[in-house]
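# Descriptive structure summary
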Amino acid sequence: MSSDQCADELDVDLARSSLEKIFAATGACDASDELERFGLTELIEFGGPAAVRLAFHAQGRAGATSRALNQVMSSALGAPIAASVLLPMSPASWDGVAGHDVGERTHLDGIVLGRPTESVVLAVRDYTDGVVVRQYRAAEISCLASPVSGLDQRLAITRIRGSLSAKQPGFGASAADWDQATRLARIALAAELTGCAAT
């Protein structure tokens, strides 16, 4: 099913109304738990880019905050809903990925929205200069994690920086999946900005 067909079949008014109620009810608090109960992941899987635009435009209009960007990316990667996606901290240095294999180690530098709980999924540029998607248990990277100050503290953003063994196997998602996840993330951020501007 194409994204246009999904958009046609998506009940836009009902979804927008539900999202607006969630953001109004949560106010200045993190709306992530309420969005998960609402079924944001399923909405995005069904509605594709149109649903992403709808959800993030509503979030921007409300001036709300959530970890929904993580849900968008983890869904596109086929990762568990509780997984945290490591976003590149320095895209110019890492060519749009959060990890790079150097010798026997994988060097990481990125942020996750919230605190990593179960696992962390990230894209790594490997020895062949290709992109692989890997998954680490949160316990494996906890020693590399530190809170980020100076940003929206409602999200409890965490920076993960350091190195781990490069022998971690691939997660199963492909470089194309990572490209799709980042495309959806850009759509989400653009929609949130336009939502903010519309208030």
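This structure is a prediction, so every number in the text was calculated from the model and none was measured. Each residue is numbered by its place in its chain's sequence as written, counting from 1. Confidence filtering applies because this is a predicted model: local features only for residues at pLDDT of at least 70, side-chain atom pairs given and counted only at 80 or more, and all residues used for totals across whole chains, interfaces and linings. The side-chain figures draw on all heavy atoms in the structure; neither hydrogens nor water molecules are used.

### Looking at the overall build of the chain
For the chain, the count of helices and strands is 8 helices and 8 strands. Counting all 199 residues of the chain, 45% fall into the buried class. We call two residues in contact whenever any of their non-hydrogen atoms come within 4.5 Å of each other. The contacts in the chain between residues at least 6 apart in sequence include a share of 67% that link residues at least 24 apart. By definition, any uninterrupted DSSP run of H or I lasting at least four residues is a helix, any uninterrupted run of E lasting at least two residues is a strand, and each is numbered from the N terminus. Only protein chains enter the accessibility calculation, which uses a 1.4 Å probe. A residue is then buried if its area is under 20% of the maximum for its type, exposed if over 50%, and partly exposed in between.

### Here's the deal with the layout of surface pockets
Any residue with an atom within 4 Å of a point lines the site, the site being either a cavity, points on a 1 Å grid over the protein atoms alone where a 1.4 Å probe fits but cannot get out, or a pocket, an open set with protein on both sides within 12 Å along at least 5 of 7 lines. Grid points are joined across faces, edges and corners, and a volume is the space filled by probe spheres set on the points. Its boundaries defined by the atoms lining it, the second largest pocket holds a volume of some 280 Å³. In terms of lining, the second largest pocket is formed by 14 residues, of which the most central are Glu-36, Arg-67, Ile-81, Ala-82 and Thr-117. Of all the secondary structure elements, the ones that give two or more residues to the lining of the second largest pocket are helix H3 (32–38) and helix H5 (68–77). The element best represented in the lining of the second largest pocket is H3, accounting for 3 residues. In the scheme used here, Gly and all other residues not listed as nonpolar or charged are polar, with Ala, Val, Leu, Ile, Met, Phe, Trp, Tyr, Cys and Pro taken as nonpolar and Asp, Glu, Lys and Arg as charged. Here the lining of the second largest pocket is composed, by residue class, of 4 nonpolar, 6 polar and 4 charged.

### Some remarks on the nonpolar core
We call a set of buried Ala, Val, Leu, Ile, Met, Phe, Trp, Tyr and Cys residues a nonpolar core when their side-chain atoms join them within 4.5 Å. Ranked by internal contacts, the top residues of the largest apolar core, which has 40 residues, are Leu-35, Phe-56 and Trp-178. Those residues in contact with Leu-35, other than ones at most four positions away along the chain, are Leu-19, Ile-22, Phe-23, Leu-40, Gln-59, Ser-66 and Ala-68. Leu-108, Leu-122, Tyr-136 and Ile-141 belong to the second largest nonpolar core, which has 12 residues in total.

### A few points about the packing of H5 against helix H8 (residues 175–197)
Fitted lines through C-alpha atoms serve as axes, helices being fitted only where they are in contact, and the angles separating the N-to-C directions of these axes extend from 0 to 180 degrees. With their axes 8 Å apart at the nearest point, H5 and H8 run at an angle of 155 degrees to one another. As the angle between them shows, H5 and H8 are arranged roughly antiparallel. Relative to H8, the crossing made by H5 is right-handed. Between H5, through Leu-69, Val-72, Met-73, Ala-76 and Leu-77, and H8, the contact on the second element is made entirely by Asp-177, Trp-178, Gln-180, Ala-181, Thr-182, Leu-184, Ala-185, Ala-188 and Leu-189. Looking at the contact of H5 with H8, its residues break down into 11 nonpolar, 2 polar and 1 charged. Just so you know how the angles are binned, under 35 degrees is roughly parallel, over 145 roughly antiparallel, 65 to 115 roughly perpendicular, and the rest oblique. Two helices cross in a left-handed way if the nearer one is turned anticlockwise from the farther one by less than a right angle. They cross in a right-handed way if the turn is clockwise.

### As for the confidence of the model for the chain
Every residue gets a pLDDT, meaning the predictor's confidence in that residue, from 0 to 100. Per-residue pLDDT for the chain averages 85, and the proportion of residues at 70 or more is 88%. Predicted confidence in the chain is weakest over helix H1 (residues 3–9), with a mean pLDDT of 48, and strongest over strand S1 (residues 84–85), with 94. Across residues 1–8, where pLDDT falls below 50, the model places 8 contacts with residues more than four positions away in sequence or in other chains.

### Some words on the pattern of salt bridges
Here, a salt bridge means any side-chain nitrogen of Lys or Arg that lies within 4 Å of a carboxyl oxygen of Asp or Glu. One pass over the structure, following the stated rule, counts 7 salt bridges. With a shortest N-O distance of 3.9 Å, Asp-33 and Arg-67 are connected by a salt bridge. Residue Asp-33 is found in helix H3, and its partner Arg-67 is found in the loop between helix H4 (40–62) and H5; the two are separated by 34 residues along the sequence. Owing to a relative accessible area of 44%, Asp-33 belongs among the partly exposed residues under this scheme. The exposure class of Arg-67 is partly exposed, given its relative accessible area of 26%. With its nearest N and O atoms 3.4 Å apart, the salt bridge here joins Arg-37 to Glu-34. Of this pair, Arg-37 and Glu-34 are both found in helix H3, 3 residues apart, which corresponds to roughly one turn of the helix. Glu-34 sits in the partly exposed class, given a relative accessible area of 28%.

### Points about the pairing of strand S6 (residues 131–137)
DSSP-based pairing: two strands are paired if at least 2 bridges between them are found. Bridge count for strand S5 (residues 119–125) against S6 is 7 bridges, and the pairing is antiparallel. Residue pairing in the sheet places Arg-125 in a bridge with Val-131 of S6. Between the end of S5 and the start of S6, which pair antiparallel, lie 5 residues, with Asp-129 showing a positive phi angle near 70 degrees.

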